[in-house]
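# What the coordinates show
Okay, here's what each chain looks like letter by letter:
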Amino acid sequence: MKIVLYPDPVLRRGTKAVDDTSPWKERAREMFDLMYETQGVGLAAPQVGISEAVLVLNPTGDKEKPEEELVLVNPRIVSRKGKEWGQEGCLSFPGIWGDVQRALKIVVHAIDLDGQPTEFVAEDFLARVIQHEMDHLNGVVFIDRFSPADKIRTRNQIEELEDRWRSQHASR
Ligand SMILES: [Zn+2]
C-alpha cells in the first residue's frame with residue numbers, strides 16, 4: 001500500500017459503498033500506519049488506490065494516541081452548521097497548502113469496522129478533517145475548493161505535480 005499522488009485518476013473516480021467490512025480491518029490498520037509515517041491526520045481509500053467509501057483519521061496525528069483514531073465506512077453528513085475558512089494540506093499533494101471553507105459543525109452517520117451504524121457530532125478541526133476526507137470519497141480534492149487567490153498562488157506547484165506524474169506514467 002502506498003499513497004497515490006495527484007493527478008492520479010483514482011483520486012477523481014469516486015467510490016462505491018462497502019458491503020463487507022471484514023477486509024477493511026487489516027487495510028484500515030495499514031492506512032493508519034501509512035498516515036502516521038507521512039505525518040498526516042487523515043487518509044481516504046482512494047488515496048491508497050482503492051475506490052471504496054472508507055476513511056481513517058486521527059486529529060492528533062499521534063500514533064501514541066490510538067484512542068483518537070476513527071474509521072468511517074460509508075460515511076454521510078446528515079447536517080451542517082456554520083462556515084469557516086482554514087488552512088489544509090493533503091498527503092496526495094505534498095508541499096501544497098491552502099485555505100478551504102468548511103462547515104464548523106456536522107452530524108455524521110457511518111458504519112464501523114464491525115458493520116455497526118454510528119452517528120456523532122463533529123466540530124472545528126475534527127469536522128474539517130472529516131469533510132476533507134469525505135470529499136476524496138466523491139472524487140473531489142481540496143484544491144477544487146481553494147479561493148481564486150490560492151488557486152493562482154499554488155498554480156506552479158500543481159503544474160509541477162502534474163509534470164512529475166506524467167513523466168512517471170509516460171507510456172513508452
Ligand atoms: Zn486529502
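Remember, predicted model here, so these are calculated numbers, not experimental data. (Residues numbered from 1 in each chain as written. Predicted model: local features only at pLDDT ≥ 70, side-chain atom pairs only at ≥ 80, totals over all residues.)

Before going further, it helps to spend a moment on the overall build of the protein chain. Looking only at helices and strands, the protein chain features four helices and seven strands. In the protein chain, the order of α-helices and β-strands from amino to carboxyl end is α-β-β-β-β-β-β-β-α-α-α. For 172 residues, the compact-globule formula gives about 16 Å, and the C-alpha radius of gyration of the protein chain, at 16 Å, lands near that figure. Projected onto its principal axes, the C-alpha coordinates of the protein chain cover approximately 45 × 40 × 30 Å. (Helix = DSSP H or I, 4+ residues; strand = E, 2+ residues; numbered from the N terminus. Rg over C-alpha atoms; globule rule 2.2 N^0.38 Å.)

With respect to the element layout, alanine 103 can be found in the loop between β5 (98-102) and β6 (105-111). As a C-alpha pair, alanine 103 and arginine 128 span 25 residues in sequence and 7.3 Å in three-dimensional space. Not counting residues up to four positions away in its chain, the partners in contact with alanine 103 are Arg80, Lys81, Gly82, Lys83, Ala127 and Gln131. (Contact = placed C-beta atoms within 7 Å.)

Omega for the bond connecting tyrosine 6 with proline 7 falls within 30 degrees of zero, at 5 degrees, which places this linkage in the cis form. If you trace the backbone, proline 7 turns up in the segment before α1 (22-37). Unlike most non-glycine residues, glutamine 39 shows phi in positive territory, near 60 degrees. Assignment of secondary structure puts glutamine 39 in the loop between α1 and β1 (42-44).

Take the sheet that holds β6 next. Ordered by their spatial adjacency, five strands build an open sheet running β1-β2-β3-β6-β7, and the pairing between neighbours is antiparallel. At either margin of the open sheet sits one strand with a lone partner, and together these are β1 and β7 (117-123). Between one strand axis and the next, the sheet turns through 40 degrees on average, direction left out of account. Taken together, the four bridges between strand β2 (residues 54-57) and strand β3 (residues 70-81) define a ladder with antiparallel strand orientation. Opposite valine 54, over in β3, you have valine 73 as the bridge partner. Along the sheet, α1 contacts β1, β2 and β3; its crossing angle with β2, the most-contacted strand, is approximately 45 degrees. (Pairing = 2+ DSSP bridges. Axes fitted to C-alpha atoms, helices over the stretch in contact; angles between N-to-C directions.)

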